[in-house]
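Structure at a glance
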Amino acid sequence: MPKRRFVFTPSLKVEFPYLRDSDEIGKVLCNVCKSVFSIENGGRSDITQHAKQKKHLLAVSSSSSNKVTTFFTNVQSTNESKRIAAEEGLFAYHTIIHNHSFRSMDCTTSIIKKIYEKKFSCARTKCESIIVKVIAPFAIQQMLDELKSVKFLTIMVDTSNHKNLTLVPILIRYFDEDELFDEFNHVLNVMKVKMQNWKNGSKTEDRWCEIFKILEKNNILIKYFTVILEYSMAIPGTNASVERVFSITNVLWTDEKNRFLVDTIRSIIIVKQHFKNVSCTEFHTFLLEHPQLLKLISSSEKYEKSYSEDISEQSSSK
């Protein structure tokens, strides 16, 4: 007879409240030390062995003496705090855009503190929290706000297996500009003037943006062309965008970097896709223009809940 596989039963959930179901079948997540481990073979005995491990004991000792949230209080919104928050948000963004590990920020933070800014603090835990709890939810909300005014869009879905997990990325493609135009003749006139400069192979969306800026500068109003343009720009030529998500996942989730949580991988992909044309220096300017993001980066709220818990609470409240 095959050996019985243990599961995380309701009685175990009551007995060990610091554990919760993991996204991986047969495994649980420890909220104390953030470790994911299997209980399929021993059930309660696996949990007991985990509780005796050095990493878990150190995490218990640390949480009982000084909680991490006490070090990051809700400071007053001053120019200095905004500047430091923008710098920390920038380095968190820089870390995932260039596929660095969160652990590398331990060393980077020490170097910055030593030669540049003593108040800078963005080691691995804070760096990951900024991405998962601040920037990724902001990107989702920004997309939802933009979709309210979009007339045409396309949704692309695909699936792929990564070890024992099934990845299902959902990509929404749309084209939404605030300042377009309504007269084809005006567009044609601008294109005739700029055609010579476009022979260097510039992108289609860059050309349209250039046209929009010229028309806006000349106070040309928007009428019908917006709808036509939105429709044409929303149609994907290939499914390469979805396949690219799988490639990003394989680059991030390797045998060497195998301790990522699903929430972290999902948040990294969301940020990389949503801000894929934004450089690190441009993102720093973007942060300075959004004080609500700076406030969240400085706040301790990002350590309190996981992103998936926030989503589930919002869904249950509807």
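Below: a short report on this structure. (Residues numbered from 1 in each chain as written. Predicted model: local features only at pLDDT ≥ 70, side-chain atom pairs only at ≥ 80, totals over all residues. Heavy atoms only, no water.)

Remarks on the overall build of the protein
How we decide: Secondary structure is summarised from DSSP: a helix means a run of H or I of at least four residues, a strand means a run of E of at least two, and numbering begins at the N terminus for each. Think of it in three bands: with a 1.4 Å probe and only protein chains considered, a residue is buried below 20% of the maximum accessible area for its type, exposed above 50%, and partly exposed in between. Note on contacts: a residue pair is in contact if any heavy atoms of the two residues lie within 4.5 Å.
Check the secondary structure of the protein and you find 14 helices and 7 strands. Looking at the protein as a whole, 36% of its 318 residues are labelled buried. Taking the contacts inside the protein whose residues are at least 6 apart along the sequence as the reference set, 65% of them involve residues at least 24 apart.

Points about the sheet that holds strand 1 (residues 19-21)
Strand-to-strand pairing in sheets goes through backbone hydrogen bonds, with the strands running parallel or antiparallel. For clarity, the threshold we go by: Any two strands with at least two DSSP-identified bridges between them are counted as paired. Throughout, an axis means a line fitted to C-alpha atoms (over the contacting stretch in the case of helices), and angles, computed between N-to-C directions, take values from 0 to 180 degrees.
In spatial order, the strands read 1-2-3; together these 3 strands make up an open sheet with antiparallel pairing. What marks the edges here is a single partner per strand, and that holds for strand 1 and strand 3 (36-38). Taken over all neighbouring pairs, the strand axes of this sheet differ in orientation by 40° on average, direction set aside. Summarising the sheet, strand 1 and strand 2 (residues 27-30) pair through 3 bridges and their orientation is antiparallel. Pairing of Asp21 across the sheet is with Val28, part of strand 2. Across the sheet, helix 2 (residues 44-51) touches strand 1, strand 2 and strand 3, and the angle it forms with strand 3 is around 140°.

Some remarks on the packing of helix 4 (residues 79-97) against helix 12 (residues 280-288)
Stated precisely, the cut-off is as follows: An angle below 35 degrees is read as roughly parallel, one above 145 as roughly antiparallel, one from 65 to 115 as roughly perpendicular, and any other as oblique. Helix crossings are classified by the rotation of the near helix relative to the far one: an anticlockwise turn of less than a right angle makes the crossing left-handed, while a clockwise turn makes it right-handed. When residue character is reported, Ala, Val, Leu, Ile, Met, Phe, Trp, Tyr, Cys and Pro are called nonpolar, Asp, Glu, Lys and Arg charged, and the others, Gly included, polar.
At their nearest, the axes of helix 4 and helix 12 sit 9 Å apart, and the two run at 140° to each other. The angle between the axes of helix 4 and helix 12 places the two elements in the oblique class. By crossing handedness, the relation of helix 4 to helix 12 is classed as right-handed. Together, Ala86, Glu87, Gly89, Leu90, Tyr93 and His94 of helix 4 and Cys280, Phe283, His284, Leu287 and Leu288 of helix 12 make up the contact between the two elements. Here the contact of helix 4 with helix 12 is composed, by residue class, of 7 nonpolar, 3 polar and 1 charged.

Observations regarding the packing of helix 12 against helix 13 (residues 291-298)
Axis separation between helix 12 and helix 13 bottoms out at 6 Å; the angle between their running directions is 95°. By the criterion of interaxial angle, the relationship of helix 12 to helix 13 is roughly perpendicular. Across from Phe286, Leu287 and Leu288 in helix 12, the residues of helix 13 making contact are Pro291, Leu293, Leu294 and Ile297. Classifying every residue of the contact of helix 12 with helix 13 by side-chain character gives 7 nonpolar, no polar and no charged.

Re a positive patch on the surface
Which entries qualify depends on this criterion: Patches here: salt-bridge-free residues with over 30% relative accessible area, like charges joined within 9 Å, nonpolar side chains (Val, Leu, Ile, Met, Phe, Trp, Tyr) joined within 5 Å. The method behind every accessible area is Shrake-Rupley, applied with a 1.4 Å probe, and residues are considered shielded solely by the protein chains displayed. Any Lys or Arg side-chain nitrogen found within 4 Å of a carboxyl oxygen on Asp or Glu counts as a salt bridge. Note on charges: Lys and Arg go in the positive column, Asp and Glu in the negative column, and His and the chain ends are not counted at all. Here the site of a charge means atom NZ of a Lys, CZ of an Arg, CG of an Asp or CD of a Glu.
Positive charge collects at one region of the surface, where Arg173, Lys203, Arg244 and Lys276 lie side by side. Take Lys276: it is sitting in the loop between helix 11 (262-274) and helix 12.

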